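Analysis of the macromolecular model
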Amino acid sequence: MEKMKEAVEKAIDRNAAEIIGLVKDIEQHPELGFQEHRTSKLVADFLRGCSYQVEDGLALTGLKTSLKSGKNKYTVAFIGELDGIICKDSPKASPADGATHTCGHNLQLGILMLIAKAMKEAGIAGQLDGNVAFMAIPAEEYIQLEYRRQLRKENKIKYLSGKQEFIRLGLFDDIDAAIMLHAEPNSEEASIHIYGTGNGFELKDVHCKGKTAHAAAAPHEGINALHALIQGINNINALRDTFRDEDHSRIHYIITKGGDNVNSVPSDTALQGYVRSASIRSIKELSSKFDKAFLSAGENFNAKMSVSTSAGYMPLICNHSLNEIFVSNAGNFLPEDKIYNKGHFMASTDLGDLSHLMPVIQPMMGGIKGGLHSPDFEVVDYNAAITLPAKIAANTIIDLLSNNTLSAILQDYKPELSKKEYLHLMDKK
Ligand SMILES: [Zn+2]
Ligand SMILES: [Zn+2]
């Protein structure tokens, strides 16, 4: 096992400079979810150049390949995300749509390519107890929902995120456990940040229909849909002190339509919001409070208020045993005080959905200056952000596929949901 690790680490060092070049290239050509054609082709071409058989065009722009062919008892997936995020204030934003890699997904693709090439070059496939799948998945950021709903209308996708689509399409059916890494914001030093859980969320679309009238001459004849919406917001704010700390709840929103003209009583207003929390139970609880807050405000004003709910992402549950193996491998490269136990992740990811079906982890890596989705996001140490995490992740995979380690983890593991139950939940919303 140690020999395998040594050979892979050497191959990672040999190929790091080339792949860091590709990562910088992807950063300069960011693409948004379900539109990552160039990015996907770059990764697919690279993997084919390393003698991988790549399936592409999955969930429009995703791809999947594996180290070995044929049936294997166990398969561990290493995941990279293809999409960028809109950050118009970033100096690197694409002029066309504001896309950037200020969430660092290009770094994940670099790690994926580095591990894939190194494992091939080191020739370890035959010595592993199972297979390694490499998956580059589109559309993690939950954005451009109108565009995605249009894709759904055209039957090009059914669910609104990449991993949800990969699950639906059966691309995880042969996977037993999955590892993904993510950039840790404001963390310039070489470091690893371990998370145990993360928030999930539901999306709310609120629409309020009132009655228009002259805003100065006859406001008494109108029904003010903006006031009704704002009363709904005030109801939400009054609820905040009922949130339990352990639920990590967040409700946030934007008014997407505030009226048509100032001299008319606003009769048509809309709001889009997220209801976030740490468990499916608390999301449900919050979701029903959210609905009541707006519906009762509608009633008070005699306005027609409607709230529709769409599936967002499920809470993230990281597998403790997988995290432990990752930490022990990180300890071979980093001092103990550079491996942080971060606990709960307040943001959300569609890896949360997958975490209800199989053991997954999402450790985060340093080498990054600035915040996620922020104009000051910058990679300051590519070794910390790509080369080092690639070695730790590759060694973790080698451990899992040696000495029946993964088989022992799976024996103790019970998924929160079967795939059938998951799809049923998704289709109910
Ligand atoms: Zn992001
Ligand atoms: Zn991200």
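Residues numbered from 1 in each chain as written. Chains lettered and ligands numbered in written order. Predicted model: local features only at pLDDT ≥ 70, side-chain atom pairs only at ≥ 80, totals over all residues. Heavy atoms only, no water.

Here's the deal with the overall build of the chain
- Across its full length, the chain carries twelve helices and 19 strands.
- Its C-alpha atoms give the chain a radius of gyration of 23 Å, within 12% of the compact-globule value 22 Å for 429 residues.
- Within the chain, counting contacts between residues at least 6 apart in sequence, those at least 24 apart form 79% of the total.
- Total accessible area on the chain stands at roughly 18,000 Å², and carbon and sulfur atoms take up 49% of it.
- Of note, the chain has its 46 positive side-chain charges centred 5 Å away from the centre of its 54 negative side-chain charges. (Helix = DSSP H or I, 4+ residues; strand = E, 2+ residues; numbered from the N terminus. Rg over C-alpha atoms; globule rule 2.2 N^0.38 Å. Contact = heavy atoms within 4.5 Å. Areas by Shrake-Rupley, 256 points an atom, 1.4 Å probe, with all protein chains shown as cover. Lys, Arg positive; Asp, Glu negative; His and termini not counted. Charge placed at Lys NZ, Arg CZ, Asp CG, Glu CD.)

Topic: the coordination of the zinc ion (ligand 1)
- C103 (SG), E141 (OE), E141 (OE) and H373 (NE2) make up the full set of protein donors to the zinc ion (ligand 1), lying at 2.0 to 2.8 Å.
- Each donor residue of the zinc ion (ligand 1) lies on one chain, and together they are spaced C-x37-E-x231-H.
- In this structure, the zinc ion (ligand 1) lies 3.1 Å away from the zinc ion (ligand 2), the two metals sharing C103 as a donor. On the criterion of sequence distance, the pair formed by C103 in the loop between strand 5 (99-100) and helix 3 (105-122) and H373 in the loop between strand 18 (368-369) and strand 19 (378-379) is long-range, its members being 270 residues apart.
- With relative accessibility at 6%, the residue C103 sits in the buried group. (Donors = N, O, S within 2.8 Å, 3.2 Å for Na, K, Ca; no water. Buried < 20%, exposed > 50% of the residue type's maximum accessible area, 1.4 Å probe, protein only.)

As for unusual backbone geometry
- The residue A139 is not glycine, and still its phi comes out positive at about 50 degrees.
- As for its placement among the helices and strands, A139 is situated in the loop between strand 6 (131-137) and helix 4 (145-153).
- Positive phi values are uncommon outside glycine, yet N186 reaches one of about 50 degrees.
- As for its placement among the helices and strands, N186 is situated in the loop between strand 8 (182-183) and strand 9 (192-198).

Side note on the domain arrangement of the chain
- Taken domain by domain, the chain comprises domain 1 (2-199 + 315-428) and domain 2 (202-313).
- Between domain 1 and domain 2, the residue contacts involve 20 residues of the former and 17 residues of the latter.
- Between domain 1 and domain 2 lies a buried interface of about 1,500 Å² when both sides are counted; carbon and sulfur atoms form 56% of it.
- When the buried surface of domain 1 facing domain 2 is broken down by residue, Y142, P315 and M346 rank first, second and third, together holding 39% of it.
- Counting every contact that joins domain 1 to domain 2 gives one salt bridge.
- With a shortest N-O distance of 3.2 Å, R149 and D205 are connected by a salt bridge.
- The interface formed by domain 1 and domain 2 includes nine residue pairs in polar contact (both at pLDDT 80 or more).
- The class makeup of the residues in the side of domain 1 that touches domain 2 is seven nonpolar, eight polar and five charged. (Domains from an automatic or database assignment. Buried area = accessible area lost by both parts, 1.4 Å probe. Salt bridge = Lys/Arg side-chain N within 4 Å of Asp/Glu carboxyl O. Polar contact = N/O pair within 3.5 Å; in protein donor to acceptor, adjacent residues only side chain to side chain. Nonpolar A, V, L, I, M, F, W, Y, C, P; charged D, E, K, R; others polar.)

So, the layout of surface pockets
- Quantified by volume, the largest pocket comes out at close to 700 Å³.
- Looking at the lining of the largest pocket residue by residue, the class counts come to 15 nonpolar, nine polar and five charged.
- Of the volumes computed, that of the second largest pocket is approximately 320 Å³.
- Lining of the second largest pocket is provided by 18 residues; of these, S66, K68, S69, G70 and N131 occupy positions nearest its centre.
- Listing elements by their share of the lining of the second largest pocket, those giving two or more residues are strand 2 (62-66) and strand 6.
- Its residues assigned to classes, the lining of the second largest pocket shows three nonpolar, nine polar and six charged. (1 Å grid on protein atoms, 1.4 Å probe; cavity = no way out; pocket = protein on both sides within 12 Å on 5 of 7 lines; lining within 4 Å. Points joined across faces, edges and corners; volume = space filled by probe spheres on them.)

Looking at the packing of aromatic side chains
- On inspection of all chains with the given rule, the structure shows nine aromatic pairs.
- Between Y52 and F134, the aromatic rings sit 5.8 Å apart at their centres with planes inclined by 80 degrees, giving edge-to-face as the arrangement. With a gap of 82 residues between them, Y52 in the loop between helix 2 (37-49) and strand 1 (55-58) and F134 in strand 6 connect regions that are remote in the sequence. Each member of the pair, Y52 as well as F134, carries the same accessibility label: buried.
- Among the aromatic residues, those joined into a ring-pair cluster are Y142, F201, Y274 and Y313.
- Positioned over the ring face of F201 is R276, at 5.5 Å from the centre of the ring.
- Residue placement shows K342 over the ring face of Y340; its charged tip is 5.7 Å from the ring centre. (Phe/Tyr/Trp six-rings, centres within 6.5 Å; stacked < 30°, edge-to-face > 60°. Lys NZ or Arg CZ within 6 Å of the ring centre and 35° of its normal.)

With respect to the sheet that holds strand 12 (residues 268-277)
- Spatially, the four strands line up as an open sheet ordered 11-12-10-13, and their pairing is antiparallel. The sheet terminates laterally at strand 11 (250-257) and strand 13 (304-313), the two strands that pair on one side only. Each adjacent strand pair in this sheet contributes to an overall mean axis angle of 20 degrees, direction not counted.
- In this structure, strand 10 (residues 200-209) lies alongside strand 12, joined through ten bridges in antiparallel fashion. When the sheet's bridge partners are listed, L203 is paired in strand 12 with Y274.
- Seen against the sheet, helix 4 touches strand 10, strand 12 and strand 13 and runs at an angle of roughly 95 degrees to strand 10.
- The strands touched by helix 7 (residues 280-301) are strand 10, strand 11, strand 12 and strand 13; relative to strand 13, the strand with the most contacts, the crossing angle is about 160 degrees. (Pairing = 2+ DSSP bridges. Axes fitted to C-alpha atoms, helices over the stretch in contact; angles between N-to-C directions.)

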